[in-house]
Amino acid sequence: APFMDPIQLQLLVNDKFLTAAAFPGLIQPGIIVRTQDQLIAGLKKIKTNDVVIKPLASSGGREIEILPKQKMAKYKLSRPMLIQEFIDSSKGVPGLYKGIHDFRLLFLSNKLVHAYIRTCAPNSKLCNVALGGGRVIVPLSKVPKEMLKISKVFQKRFAQFHNSFYSIDFMYKDGKTPIVIEANVKPGLVGGDGTSEHHKILYTALLDHIEKYV
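Residues numbered from 1 in each chain as written. Predicted model: local features only at pLDDT ≥ 70, side-chain atom pairs only at ≥ 80, totals over all residues. Heavy atoms only, no water.

A.B. asks: Explain helix 5 (residues 145–158) to me, please; I cannot follow it from the model alone.
C.D. replies: Over its 14 residues, helix 5 extends 20 Å from the first C-alpha to the last, a length consistent with the 20 Å expected when each residue adds 1.5 Å. Of the positions making up helix 5, those classed as buried are Met147, Ile150, Ser151, Phe154, Gln155 and Phe158. (Helix = DSSP H or I, 4+ residues; strand = E, 2+ residues; numbered from the N terminus. Expected span 1.5 Å × (residues − 1). Buried < 20%, exposed > 50% of the residue type's maximum accessible area, 1.4 Å probe, protein only.)

A.B. asks: Help me out: how do you make sense of the packing of aromatic side chains in this one?
C.D. replies: To describe a pair of aromatic rings, one takes the distance between the centres and the angle between the planes. Going through the model one piece at a time under the given rule, you end up with 6 aromatic pairs. Both rings, one in Phe23 and one in Phe154, keep their centres 4.0 Å apart while their planes meet at 20 degrees; by these two values the pair is stacked. Linking Phe23 in the loop between helix 2 (16–22) and strand 1 (31–33) with Phe154 in helix 5, this pair joins segments that are 131 residues apart in sequence. Neither residue differs from the other here; Phe23 and Phe154 are each classed as buried. When the centroid spacing of 5.1 Å and the interplanar angle of 15 degrees are considered together, the rings of Phe107 and Tyr166 count as stacked. Residue Phe107 is located in strand 5 (residues 101–108), and its partner Tyr166 is located in strand 8 (residues 165–172); the two are separated by 59 residues in the primary sequence. In this pair, the class of Phe107 matches that of Tyr166, namely buried. An aromatic cluster is built from Phe23, Phe107, Phe154, Phe158, Phe161 and Tyr166, whose rings are joined through pairwise contacts. Between the NZ or CZ atom of Arg135 and the centre of the ring of Tyr116, over which it lies, the distance is 5.4 Å. Just above the ring of Phe23 sits the side chain of Arg157; from NZ or CZ to the centre is 5.6 Å. (Phe/Tyr/Trp six-rings, centres within 6.5 Å; stacked < 30°, edge-to-face > 60°. Lys NZ or Arg CZ within 6 Å of the ring centre and 35° of its normal.)

A.B. asks: Got a minute to help me understand the pattern of salt bridges in this structure?
C.D. replies: A side chain of one charge can pair with a side chain of the opposite charge when the charged atoms of the two come close. Summed over the entire model, instances satisfying the criterion amount to 7 salt bridges. Notably, a salt bridge pairs Arg104 with Asp169, separated by 2.8 Å at the nearest N-O pair. Here Arg104, found in strand 5, pairs with Asp169, found in strand 8; they are 65 residues apart in sequence, far enough to count as distant. Across the pair, Asp169 and Arg104 agree in class, each one buried. Counted as one network, the salt bridges with shared partners bring together Asp102, Arg104, Arg118 and Asp169. (Salt bridge = Lys/Arg side-chain N within 4 Å of Asp/Glu carboxyl O.)

A.B. asks: Honestly, the sheet that holds strand 9 (residues 178–185) in this entry has me stumped. Any pointers?
C.D. replies: Each strand in a sheet pairs with another by means of backbone hydrogen bonds, the pair being arranged parallel or else antiparallel. The strand order across the open sheet built from 5 strands is 7-6-5-8-9, with neighbouring strands paired in antiparallel fashion. If you trace the sheet from one side to the other, it starts and ends with strand 7 (134–137) and strand 9, each paired once. Taken pair by pair, the neighbouring strands of this sheet meet at an average axis angle of 30 degrees, ignoring direction. Strand direction decides the pairing type here: strand 6 (residues 111–119) and strand 7, joined by 4 bridges, are antiparallel. Counted as the bridge partner of Tyr116 is Ile137 from strand 7. Along the sheet, helix 5 makes contact with strand 5, strand 6, strand 8 and strand 9, crossing strand 8 at roughly 150 degrees. (Pairing = 2+ DSSP bridges. Axes fitted to C-alpha atoms, helices over the stretch in contact; angles between N-to-C directions. Contact = heavy atoms within 4.5 Å.)

A.B. asks: Which parts of the structure should I look at to understand the pairing of strand 9?
C.D. replies: Regular strands show a simple pattern: their side chains alternate between the two faces of the sheet. Across the 8 residues of strand 9, 8 count as buried, placing the element largely inside the fold. Following strand 8, the chain reverses through 5 residues before pairing antiparallel with strand 9; Gly175 in that reversal takes a positive phi of roughly 80 degrees.

A.B. asks: Which parts of the structure should I look at to understand the sheet that holds strand 4 (residues 81–85)?
C.D. replies: Strand order in the open sheet formed by 4 strands is 1-4-2-3, with antiparallel pairing between adjacent strands. Where the open sheet ends on each side, the last strands, each with one partner, are strand 1 and strand 3 (65–68). Going across the sheet, the axis of each strand differs from the next one's by a mean of 35 degrees, ignoring polarity. Pairing geometry for strand 2 (residues 50–55) and strand 4, over 5 bridges, is antiparallel. The residue of strand 4 that forms the bridge with Lys54 is Leu82. The strands that helix 3 (residues 36–43) touches are strand 1, strand 2 and strand 4; relative to strand 1, the one it contacts most, it runs at about 155 degrees.

A.B. asks: Explain the environment of Ser167 to me, please; I cannot follow it from the model alone.
C.D. replies: In this structure, Ser167 sits in strand 8. Its relative accessible area of 0% is what places Ser167 among the buried residues. A sequence separation of 55 residues divides Ser167 from Leu112, and the C-alpha atoms of the two residues are 9.1 Å apart. Filtering out sequence-adjacent residues up to four positions away, Ser167 remains in contact with Arg104, Leu105, Leu106, Glu182, Ala183, Asn184 and Pro187. Here Arg104 takes part through its side chain, which lies 3.5 Å from a polar atom of the side chain of Ser167. (Polar contact = N/O pair within 3.5 Å; in protein donor to acceptor, adjacent residues only side chain to side chain.)

Take a look at the structure:
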């Protein structure tokens with residue numbers, strides 16, 4: 001039976017530090033911290049006032065926090081975490097969206113099948129539907145060319161993995177330049193009641209793909 005997202009792809013994409021190491025210069029870099037001393041030392045290398053901390057592997061926005069450096073220095077580590085510079089995406093996506101965002105592209109068997117902008121919940125800087133954020137669907141014809149060009153590097157690397165289902169998440173850090181935040185496997189399947197336009201597009205693509213093997 002076919003298996004969606006081979007184990008090798010899951011291992012590469014689920015570990016956010018490993019994914020960044022596999023695509024140097026394309027993904028927002030981070031620093032692994034395992035102890036309080038490493039956290040303090042890592043914060044000295046962070047240039048932004050706000051700092052992002054996240055698990056090496058997570059989904060749904062769980063355990064991700066954005067804190068000022070002073071508060072982050074007091075963060076109590078319970079396991080290895082990744083810290084990153086905060087990207088101010090408030091200038092939005094040129095011609096498509098104004099405000100804090102991230103821009104998700106979904107690939108099925110290495111082909112772009114869906115695109116949408118995730119918006120943040122009120123009084124939050126985290127753009128995640130599971131945390132109360134929203135989705136703005138973007139027609140594939142309107143996906144910025146700069147993002148498609150970067151995505152081709154991932155598609156080439158992931159071409160060896162059949163039946164892949166993954167996403168690439170971008171932010172526009174200055175309203176002009178897209179940067180990859182992270183990649184995910186099996187993205188967008190949860191959140192909402194499953195009847196939204198997003199789910200109709202996603203589930204149709206998945207079922208059409210699976211139907212080929214039935």
